Amino acid sequence: MKYVNKEKKHSNILKDNWFIYSIALKSAPFTTIYYSLSEIINFLIIAFRTVYLVGYIANCIQYQKPFLNVLIAIIIMIALLILNTFFSNYHKTRIYPKSEEKIKKAIRFKLYQKAKDIDLACYDNPEFYNDFVWSMSQSINQTFQIIHTVSSFFASISSLLIVGIYVLWKDAMGFVFVSICVIGNLIVSFHKNEINFQFENRLLPLNRKRDYISRIFYLNDYAKEIRLSEIKTKLFGDLEHIKVEILNEYNKSSQKLAVCDFLLNYCLNTFMYNVVYMLYLMYKSIVLNKLPYGTILALYNSCFRLRRDLLAIADIIPRMQQHSLYISKMRKFLNYESKLQVSENPKELPLNIDYIEFRNVSFEYQEGQPIIKNINMVIHAGEKIAI
C-alpha cells in the first residue's frame, strides 16, 4: 500500500482552519461565539482607553477645560471595565470548562471513529503512521489555538477600523510608518514559519529513531542479551550518530531563526516606531507647531495600537498557515478511504468450534505486494497464534 503525502503551500488555509472551527462551533456554539465577541470587546476597550481617553484628558489639561468633563470620561471607562471583567470571569468559571470538554470529546470521537475502521496496513507505513500520531497529538491543542486565532483576527479587524479612522483624521502619515513595519513583518514571519515547520519535519524521524534505540535496552526479555552481545556496540554507535544529526539540525535552523528574530523584534518594530516615528511627531509638534500635545500622545498611542493590530493580523496569517499544515495531516487521515470493504452478506461463523484451519490463504492490500502467501495452519480453541 502506498500513502501519498503532498505538502501544500498556502492553498486551502482558510478551509483547514474553518474545518476545526466549525467542529468547535457545533460542539459548543455559545462559548465559541462568546469567545470571539469578548476578544472584540477587550480590544475596543483597550483602544478607547489608550487612544481616545488619553488624548482627550491631555487636551483638556492643555486647554484648561472643566474637570467634570475628564471625570465623566473616566467614570464611563471604569464602568465598561467592571462589566467586561464580571461577564468574562463568569464565563471562564461557569461555562467554559463544560464547553471545553464538549469540544475535546467531539474531536477525539471523530478521530477514534476513523482510527478503528482504517486498514491495518496504514499502521505499517511509517509515513502514514507519523502523520497519524502527529494529528492525534496535536488535534486538541490546534483546535483551541485556532479558536483563539480566529477570535483575535475579528478583534484586530474591529480595533483596526476604529483606530485607523482616527489616524486618518488626524495625521495620515502614521499609516506610512505602520505599513512599512507590517509588510516587513509579514514577509519575515512567513519565512520564519516555513523554517520552523521544515525543522520539525526533519527532526521527527530522528527523534523516533533515537527513542526506538533507547527503548531496546530496557526490553525485559532481551535487555541482558543485547548488553552482552556485539550488537550493543552498533546500537550505541547508531545512537551517537543520531544525536549528532539532531544537533546539526538545531545548529542549521537556529542561525536562520536568529536573523528572522532580529529583523522582527528590532529593525521592523522598535527602531522604526520608537525612533523614526517619534522623531516625526516631535518635528510636527515642536518645529511646525501643528499638533497639540494631547493629539500627539493620542497619535503615538493610536499608531502603536494600529501597528499592534496590523502586526497581529500579519502574525495571524502565518499562524493560520501553520495551523493548516497540522490540520491538513489530520484531514488526510480523516479523508482516507479504506481499501478493504466489508462484505454486504458476510458469512456467520459458528459460536462453538474446536479449531480453525487455514489452507493456502493469501492476502494483499495492494496488487502484487502480498502480506501473507499460501499460509497453512490449524488454530485450536483457546490457542493464541502470532504471525
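Here, every reference points to the structure presented above.
This one's a predicted model, so the numbers in the text were calculated from it and none came from an experiment.

Reading guide: rules and limits
Residues numbered from 1 in each chain as written. Predicted model: local features only at pLDDT ≥ 70, side-chain atom pairs only at ≥ 80, totals over all residues. Heavy atoms only, no water. Helix = DSSP H or I, 4+ residues; strand = E, 2+ residues; numbered from the N terminus. Buried < 20%, exposed > 50% of the residue type's maximum accessible area, 1.4 Å probe, protein only. Axes fitted to C-alpha atoms, helices over the stretch in contact; angles between N-to-C directions. Parallel < 35°, antiparallel > 145°, perpendicular 65-115°, else oblique. Left-handed = near helix turned anticlockwise from the far one by under 90°. Nonpolar A, V, L, I, M, F, W, Y, C, P; charged D, E, K, R; others polar. Core = buried A, V, L, I, M, F, W, Y, C linked by side-chain atoms within 4.5 Å. Contact = heavy atoms within 4.5 Å. Phe/Tyr/Trp six-rings, centres within 6.5 Å; stacked < 30°, edge-to-face > 60°. Lys NZ or Arg CZ within 6 Å of the ring centre and 35° of its normal. Salt bridge = Lys/Arg side-chain N within 4 Å of Asp/Glu carboxyl O. Expected span 1.5 Å × (residues − 1). Bend = angle between axes of the 7 residues up to and from the residue.

## Some details on the environment of Thr233
Among the structural elements, Thr233 can be located in helix H8 (residues 231-287). Classification of Thr233 by relative accessible area gives exposed; the value is 58%. Each C-alpha atom of the pair Thr233 and Ile140 lies 41 Å from the other, and the pair is 93 residues apart in sequence.

## Description of the packing of helix H2 (residues 29-62) against helix H3 (residues 67-115)
The contact between H2 and H3 brings their axes to 10 Å, and the two run at 160 degrees. Considering their axes alone, H2 and H3 lie roughly antiparallel with respect to each other. Where H2 crosses over H3, the handedness of that crossing is left-handed. Here the contact of H2 with H3 is built from residues that sort into 18 nonpolar, seven polar and one charged.

## Some remarks on the nonpolar core
In this structure, Tyr277, Leu281 and Leu306 are the most contacted members of the largest nonpolar core, which totals 26 residues. Mapped onto this core, the elements with two or more residues apiece are H2, helix H5 (126-170), helix H6 (173-216), H8 and helix H9 (293-335). Of the residues forming this core, the biggest block, 10 residues, is contributed by H9. Not counting chain neighbours up to four residues away, the residues in contact with Leu281 comprise Ile296, Leu299 and Tyr300. Counting residues in hydrophobic clusters, the runner-up holds 24 residues, among them Ala24, Ala28, Ala115 and Phe333.

## A closer look at the packing of aromatic side chains
Taken as a whole and assessed by the stated rule, the structure comprises 11 aromatic pairs. Relative to Tyr280, the ring of Phe177 lies with its centre 5.5 Å away and its plane at 45 degrees, an arrangement referred to as tilted. Here Phe177 is found in helix H6, whereas its partner Tyr280 is found in helix H8, with 103 residues between them in sequence. Assigned by exposure class, Phe177 and Tyr280 land together as buried. One aromatic cluster is present, built from ring pairs that chain together Phe177, Tyr277 and Tyr280. Sitting over the ring of Trp169, Lys170 keeps its end group 4.0 Å from the ring centre.

## Overview of unusual backbone geometry
In the Ramachandran plot, Asn289 falls in the positive-phi region, its phi being about 55 degrees despite a non-glycine side chain. Tracing the backbone through its elements, the reader meets Asn289 in the loop between H8 and H9. At Asn374, a position not held by glycine, the phi torsion is positive, near 55 degrees. With a relative accessible area of 44%, Asn374 lands in the partly exposed category.

## Topic: the pattern of salt bridges
Within this structure, the stated rule accounts for eight salt bridges. The partner of Arg331 in a salt bridge is Asp16, with the nearest N and O atoms 2.7 Å apart. With Arg331 in helix H9 and Asp16 in helix H1 (residues 13-27), the pair connects residues that are 315 residues apart, well separated along the chain. Between Glu249 and Arg202 there is a salt bridge, with its nearest N and O atoms 2.6 Å apart. Taken as a pair, Glu249 in helix H8 and Arg202 in helix H6 lie far apart in primary sequence, 47 residues in all. Salt bridges sharing partners connect three or more residues here, namely Arg202, Glu249 and Lys252.

## Regarding the packing of H2 against H9
Taken N-terminus to C-terminus, the directions of H2 and H9 make an angle of 165 degrees; their axes are 7 Å apart at the nearest point. By the criterion of interaxial angle, the relationship of H2 to H9 is roughly antiparallel. Both H2 and H9 take part in a crossing whose hand is right-handed. The residues of H9 that touch H2, namely those facing Phe43, Ile46, Ala47, Thr50, Val51, Val54, Gly55, Ala58, Asn59 and Gln62, are Tyr293, Gly294, Thr295, Leu297, Ala298, Asn301, Ser302, Arg305 and Asp309. Its residues assigned to classes, the contact of H2 with H9 shows nine nonpolar, eight polar and two charged.

## Points about H8
The end-to-end C-alpha distance of H8, which contains 57 residues, comes to 80 Å, matching closely the 84 Å that a straight helix rising 1.5 Å per residue would cover. Of all the bends in H8, the largest measures some 45 degrees and sits at Met272.

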